[in-house]
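# Examining the three-dimensional arrangement
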Amino acid sequence: MSLVLGLLVLAIWIWLLAARGGFWLARDRDDVAPPVEPLRWPSVVAVVPARNEADVIARSIGSLLAQDYPGDFRVVLVDDGSSDGTAAAARALAAEDRLTVLAGAKLPAGWTGKLWAQAQGVKAAGTPDYLLLTDADIGHAPDNLRALVARAEAGGHTLVSLMAQLSCMSWAEQFLIPAFVFFFQMLYPFAWVSRPDRREAAAAGGCMLVRRAALEQAGGIAAIRAEIIDDCALGRRLKQVGPIRLSLTRRAVSLRPYGGLSEIGGMVSRSAYAQLHYSALLLAGTVVGMVLTYLAAPALALFGTGWAQLSGAAAWLLMAVSFQPMLRFYRVSPFWGLALPLIGATYTLFTLQSALQVWRGKGGMWKGRSQAMAGSA
């Protein structure tokens, strides 16, 4: 029985490395094969929803206002009921000719807070060629918008999204953050997302350049108003209209470090059960799958015998090897690869925590709002 288990686990990892779109190679990056710049630079408006972001808003909005973009570019910040002076901190940047700060209206039923603020910003933006949908805690390199627009124009994309580089300094961040992106790529292989002939669609909400006409054709922000995982929902809708692209980047970075395991766990558990469509059956299957994929291999390698032990050790080695490109991208020790089983177990606990929060009526907690049940309706 243990030999069958060992061979099964080994087969899983061989399949993941060979037949899952090369997700683990971390080669889908925005600095690979830069496109030719357009002859005419289209107009862009950045829309930034913000709720209690006073500690980072000056840096994030400042990075947008500092973009080296040859075309018409403006920024709309929607203050979503902040109580910490977010709007005042933004207005202090003294860029009134290119920055509009709006006070968000009361949240209506059926909307998540971020998407309602985003929808108001999109309306205020008018009719630019593109909308840059970005978060208030993301910093942008000066050439980021220029590169995004060049990519979208060259490929006729409805959406070009970048997975912002997350903070990875503390031990907790090094333990969990590279794996967060690794697991996301496993779920949505970026190469497949970017292929028009594949059904897979996703996006990373921290940085999304959207063709405005395509967004309107897809139903606008209102079409995803109750989604907890709103970026992937938007990616799915826009891929029905035209090609999309998703890449790793160093041009967009998260400005806020994570406080520790509990804070990272909160980020994951906010949407993990929504990813499973609030299904207890899918939750049970996910737990079994995670145990089989991540924990069986080291258990067999450490406590098995004969061919079962060798199979478990081989699967553990493949697991560690597959994690190396992402660890290199985040510039952390390759030895974290050996810890992937423990990391996988931790994420399994976060997923269970997510389900418990929903069952207790506190799911999808963000900035003091419980939003998951809106997504489950």
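Everything discussed here concerns the structure shown above.
Below: a short report on this structure. Just so it is clear, the model here is predicted, and its values are computed rather than measured. (Residues numbered from 1 in each chain as written. Predicted model: local features only at pLDDT ≥ 70, side-chain atom pairs only at ≥ 80, totals over all residues. Heavy atoms only, no water.)

### Side note on the nonpolar core
Keep this limit in mind: Here, the term nonpolar core denotes a set of buried Ala, Val, Leu, Ile, Met, Phe, Trp, Tyr and Cys residues that are joined through side-chain atoms within 4.5 Å. Buried means the residue's accessible area, taken with a 1.4 Å probe over protein chains only, is under 20% of the maximum for its type, while exposed means over 50%, and partly exposed covers the values in between. Any two residues whose heavy atoms approach within 4.5 Å are treated as being in contact.
In this structure, Trp13, Leu133, Phe182, Tyr294, Met326, Leu340 and Ile343 are the most contacted members of the largest nonpolar core, which totals 89 residues. Beyond its immediate stretch of four places on either side in the chain, Ile343 contacts Phe175, Leu176, Ala179, Phe183, Phe323 and Trp336. Membership of the second largest hydrophobic core comes to 32 residues, among which are Trp41, Val44, Ile57 and Ile138.

### Here's the deal with a nonpolar patch on the surface
Our working rule: Surface patches are drawn from residues lacking salt bridges whose relative accessible area is over 30%; two like charges belong together within 9 Å, two nonpolar side chains (Val, Leu, Ile, Met, Phe, Trp, Tyr) within 5 Å. Computed with a 1.4 Å probe, the accessible areas rest on the Shrake-Rupley method; for each residue, only the protein chains presented here act as cover. Here, a salt bridge means any Lys or Arg side-chain nitrogen found within 4 Å of an Asp or Glu carboxyl oxygen. For the purposes of this entry, the term helix denotes a DSSP run of H or I that reaches at least four residues, the term strand denotes a run of E that reaches at least two, and both are numbered from the N terminus.
Side chains of Leu3, Leu7, Trp307 and Leu310 sit close together on the surface and give an oily, nonpolar patch of about 450 Å² of accessible area. Those elements that provide at least two residues to the nonpolar patch are α1 (2–19) and α13 (306–329). Secondary-structure assignment places Trp307 in helix α13.

### A few points about the pattern of salt bridges
Taken as a whole and judged by the stated rule, the model has 15 salt bridges. Residue Arg251 is joined to Asp30 by a salt bridge in which the shortest nitrogen-to-oxygen separation is 2.8 Å. Of the two residues, Arg251 sits in strand β8 (residues 244–254) while Asp30 sits in the loop between α1 and β1 (44–50), which places them 221 residues apart along the sequence. Between Glu216 and Arg212 there is a salt bridge; the shortest N-O distance is 2.7 Å. Of this pair, Glu216 and Arg212 both sit in helix α8 (residues 212–217), four residues apart, which is roughly one turn of the helix. For Arg212, a relative accessible area of 18% corresponds to the buried category.

### A closer look at the packing of aromatic side chains
Operational definition: In this analysis, rings of Phe, Tyr and Trp, with Trp reduced to its six-membered ring, are considered paired at centre separations within 6.5 Å, and the interplanar angle assigns stacked below 30 degrees, edge-to-face beyond 60, and tilted for intermediate values.
Using the criterion set out here, one finds 17 aromatic pairs in the structure. Relative to Tyr69, the ring of Trp41 lies with its centre 5.4 Å away and its plane at 80 degrees, an arrangement referred to as edge-to-face. Here Trp41 is found in the loop between α1 and β1, whereas its partner Tyr69 is found in the loop between α2 (57–65) and β2 (73–79), with 28 residues between them in sequence. We note that Trp41, like Tyr69, is buried. Summarising the aromatic geometry, the rings of Tyr273 and Tyr278 are spaced 5.7 Å apart at their centres and angled 85 degrees between planes, so their arrangement reads as edge-to-face.

### Some details on helix α10 (residues 261–269)
Of the residues making up α10, those classed as buried are Ile264, Gly265, Met267, Val268 and Ser269. Taken together, the buried residues of α10 touch α6 (171–187), α11 (272–275) and α14 (340–359).

### Considerations on the sheet that holds β8
Counted only if it meets this: Strands are treated as partners if at least two bridges between them are detected by DSSP. To get an axis, a line is fitted to the C-alpha atoms, and for a helix only the part in contact is used. The angle between two axes follows their N-to-C directions and goes from 0 to 180 degrees.
Reading across from one edge, β3-β2-β1-β4-β7-β6-β8-β5 is the order of the eight strands in this open sheet, with mixed pairing throughout. Looking at strand neighbours, the two that pair on one side only are β3 (99–103) and β5 (138–140), the edges of this open sheet. The average undirected angle you get between the axes of adjacent strands in this sheet is 30 degrees. Examined bridge by bridge, β5 and β8 share three bridges and lie antiparallel to one another. Its bridge partner lying in β8, Gly139 is registered against Val253. Those strands touched by α13 are β6 (159–165) and β8, and its axis lies near 45 degrees from that of β8.

### A look at the layout of surface pockets
Selection rule: A pocket, in this scheme, is an open set of points on a 1 Å grid over the protein atoms alone with protein on both sides within 12 Å along at least 5 of 7 lines, while a cavity is a set where a 1.4 Å probe fits but cannot get out; residues line either one if an atom lies within 4 Å of a point. Grid points are joined across faces, edges and corners, and a volume is the space filled by probe spheres set on the points. Classification convention: Asp, Glu, Lys, Arg as charged; Ala, Val, Leu, Ile, Met, Phe, Trp, Tyr, Cys, Pro as nonpolar; all other residues, Gly among them, as polar.
Estimates place the volume of the second largest pocket at around 200 Å³. Every residue lining the second largest pocket is counted, 15 residues in all, and those nearest its centre are Asp30, Pro34, Pro35, Ala147 and Arg251. At six residues, the largest contribution of residues to the lining of the second largest pocket is made by helix α5 (residues 144–155). By residue class, the composition of the lining of the second largest pocket is seven nonpolar, one polar and seven charged.

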